[in-house]
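Here is how the chains run, residue by residue.
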Amino acid sequence: QRIQDRYFYHCAQNCDIDFCQECQRQSQELLTSFLERSGDHDMDSMNHRLFWVIDVTERIGFYVLHRSVAQREKLASELAFEWPTPAFEQLVQAAIDVVNAKVVHVEDVKDITSDSRFWYAVGWLQFLYSANS
């Protein structure tokens, strides 16, 4: 859907993605939520950690999705039955936050396959969902 607002926000310098006011509000809420949970007020440190979480989430997704069925079943069982519930919930929330933060980019990019790492993060989230079932 095209942006109908008179005002819009650019994602970042050298990024061709624009946000409507509602999308900007939602993105800002996600970032604020992340910052509040981190408890870190050092923006450089937080920025570094934010991109680290995104990178790790995508790498985990790649790793898990390239394992055999038996290996994935074993990991799912470990997460579902061996991990403390609060730790598993934090892992799931981190994956949700990464996917939510990146989904706007994939939605608005003309070539939806261009961000393959995003799809690994989505696959990881789907894996976590199935482990919880």
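Residues numbered from 1 in each chain as written. Predicted model: local features only at pLDDT ≥ 70, side-chain atom pairs only at ≥ 80, totals over all residues. Heavy atoms only, no water.

As a further point, take helix α2 (residues 43-65). Counted at 1.5 Å a residue, the expected span for α2 with its 23 residues is 33 Å, and the 33 Å between its end C-alpha atoms agrees. Buried within α2 we find M46, V53, I54, T57, E58, G61 and V64. (Helix = DSSP H or I, 4+ residues; strand = E, 2+ residues; numbered from the N terminus. Expected span 1.5 Å × (residues − 1). Buried < 20%, exposed > 50% of the residue type's maximum accessible area, 1.4 Å probe, protein only.)

Within this structure, the stated rule accounts for three aromatic pairs. Between the aromatic rings of F118 and W119, the centroid separation amounts to 4.8 Å while the plane-to-plane angle is 75 degrees, which identifies the pairing as edge-to-face. A relative accessible area of 3% means that F118 is categorised as buried. Arranged with centres 5.7 Å apart and planes meeting at 15 degrees, the rings of W124 and F127 form a pair that is stacked. Residue W124 and its partner F127 are both found in helix α5 (residues 116-132); the two are separated by three residues, about one turn of the helix. Each of the two residues, W124 as well as F127, counts as buried. (Phe/Tyr/Trp six-rings, centres within 6.5 Å; stacked < 30°, edge-to-face > 60°.)

This part is about the confidence of the model for the protein chain. Here the protein chain shows a mean pLDDT of 81. Residues at 70 or above account for 77%. For the protein chain, strand β1 (residues 9-10) is the element with the lowest average pLDDT, namely 58, and helix α3 (residues 69-81) is the one with the highest, namely 93. (pLDDT = per-residue confidence, 0-100.)

With that settled, consider the packing of α3 against α5. Where α3 meets α5, the axes come as close as 9 Å, and the angle between the chain directions of the two elements is 65 degrees. Here α3 runs over α5; the crossing is right-handed. Across from R72, L75, A76, L79 and A80 in α3, the residues of α5 making contact are W124, F127, L128 and A131. (Axes fitted to C-alpha atoms, helices over the stretch in contact; angles between N-to-C directions. Left-handed = near helix turned anticlockwise from the far one by under 90°. Contact = heavy atoms within 4.5 Å.)

For the rest of this paragraph, the subject is the environment of R49. Structurally, the position occupied by R49 is in helix α2. A relative accessible area of 28% means that R49 is categorised as partly exposed. Counting along the chain gives 11 residues from R49 to S38, while the straight-line C-alpha distance between them is 9.3 Å.

Applying the stated criterion across every chain, the model contains four salt bridges. When the shortest N-O distance is used, the salt bridge between E58 and K102 registers 2.3 Å. With E58 in helix α2 and K102 in helix α4 (residues 85-108), the pair connects residues that are 44 residues apart, well separated along the chain. Residue class for K102 comes out buried when judged on its relative accessible area of 14%. (Salt bridge = Lys/Arg side-chain N within 4 Å of Asp/Glu carboxyl O.)

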